[in-house]
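Each chain, written out:
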Amino acid sequence: MRYALERVSGPDIEPITLAEAKRHLGEFDDVTTRDDDVSGLIQAAREWVEDYTARALIDQTWRISFGEVSAVESVAVPTCACGPSEARGTEILLRKSPVLSVISFKSVDADGAETDVDAANYELREAGGKWPRVVAKNGAAWRPGIYRIVFRAGYADRDVSPQEGAEAVPNRFKQAMKLWIEANYDREKDMMQVLLDTAASLIRSERVEIDLA
């Protein structure tokens, strides 16, 4: 099954603030000469955590496209941390979690024209787990072809009132970000690797390794 996963839009806030990052680095609040550098490291640290774990920390939009949905019918979907098991029915693994909502599900014809898949024929399952997926229901069957699903993912839901913020992100992800920032902020090579290893160890249990291409 061939697929492409693309970020459509990123988060409007970061899981940690500039002040938090500077405090972790031992920088004074009133010294601003390297604020741009630290801000860049905050974003890079979040992206590293998200790439490493296949998680989304703050509300963001993703698009996953499939070129051969005929292969989806027997896709292996992990049901526990110990490994995969055969999926029952027709399922599409979204490969980014936790999922907040499915925005659109469309089929694409040879000319590139998109057609909505009837929302009555599918549902989102295990949205908050490691392996959220879209599952066909009511006896529906998806014909072989190209399909695209656009969805929102993240621990902090920015589309609710009041908006959820960084407090919704589990602390282990934020601590890993701080260590990654420290490792990449003028640290000697040996200390850098220690910090990176420690950051990875904090979130290793959250990692999802899925390769069903």
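Our subject is the structure that appears above.
Reading the values: rules and limits
- Residues numbered from 1 in each chain as written.
- Predicted model: local features only at pLDDT ≥ 70, side-chain atom pairs only at ≥ 80, totals over all residues.
- Heavy atoms only, no water.
- Buried < 20%, exposed > 50% of the residue type's maximum accessible area, 1.4 Å probe, protein only.
- Helix = DSSP H or I, 4+ residues; strand = E, 2+ residues; numbered from the N terminus.
- Pairing = 2+ DSSP bridges.
- Axes fitted to C-alpha atoms, helices over the stretch in contact; angles between N-to-C directions.
- Phe/Tyr/Trp six-rings, centres within 6.5 Å; stacked < 30°, edge-to-face > 60°.
- Lys NZ or Arg CZ within 6 Å of the ring centre and 35° of its normal.

**Q** I tried to follow the pairing of strand β2 (residues 60-66) on my own but got confused; where do I start?
**A** Every other side chain in a regular strand lies on the same face of the sheet, so the side chains alternate between the two faces. Extensive coverage of β2 is indicated by the burial of six of its seven residues. Judged from the six bridges that link them, strand β1 (residues 3-9) and β2 form a sheet pairing that is antiparallel. Of the residues in β2, the one forming a bridge with serine 9 is threonine 61. The pairing of β2 with strand β10 (residues 146-153) spans seven bridges and is antiparallel. Within β10, the position partnered with serine 65 by the bridge is arginine 148.

**Q** Looking at this structure, how should I read the environment of proline 170?
**A** Examined against the element boundaries, proline 170 turns out to sit in the loop between β10 and α3 (171-183). Separated by 14 residues in the primary sequence, proline 170 and alanine 156 place their C-alpha atoms 9.8 Å from one another.

**Q** Hey, could you run me through the sheet that holds strand β7 (residues 114-116) in this one?
**A** Taken together, five strands build an open sheet; the order of strands is β1-β2-β10-β6-β7 and the sheet is antiparallel. Edge strands, defined here as strands with exactly one partner in the open sheet, are β1 and β7. Sheet twist, expressed as the average angle between the axes of neighbouring strands with direction ignored, equals 30 degrees. Alignment of strand β6 (residues 99-108) against β10, held across eight bridges, turns out to be antiparallel. Each residue of the ladder has a partner; that of phenylalanine 105, found in β10, is isoleucine 149.

**Q** Quick question: what am I supposed to make of the packing of aromatic side chains here?
**A** Describing an aromatic ring pair means giving the distance of the ring centres and the angle of the ring planes. Scanning the entire structure with this criterion turns up six aromatic pairs. Centre to centre, the rings of tryptophan 48 and tyrosine 52 are 5.5 Å apart; their planes meet at 25 degrees, and the pair counts as stacked. With tryptophan 48 and tyrosine 52 both in helix α2 (residues 35-53), this residue pair falls four residues apart, about one helical turn. Geometrically, the ring pair formed by phenylalanine 105 and tyrosine 122 is edge-to-face, given 4.9 Å between the ring centres and 75 degrees between the ring planes. With phenylalanine 105 in strand β6 and tyrosine 122 in strand β8 (residues 122-125), the pair connects residues that are 17 residues apart, well separated along the chain. As far as the burial class goes, phenylalanine 105 and tyrosine 122 line up, both buried. Over the aromatic face of tyrosine 3 sits the side chain of arginine 95, whose NZ or CZ is 3.7 Å from the ring centroid. Here the guanidinium or amino end of arginine 207 rests over the ring plane of tyrosine 52, the centre of that ring lying 4.1 Å away.

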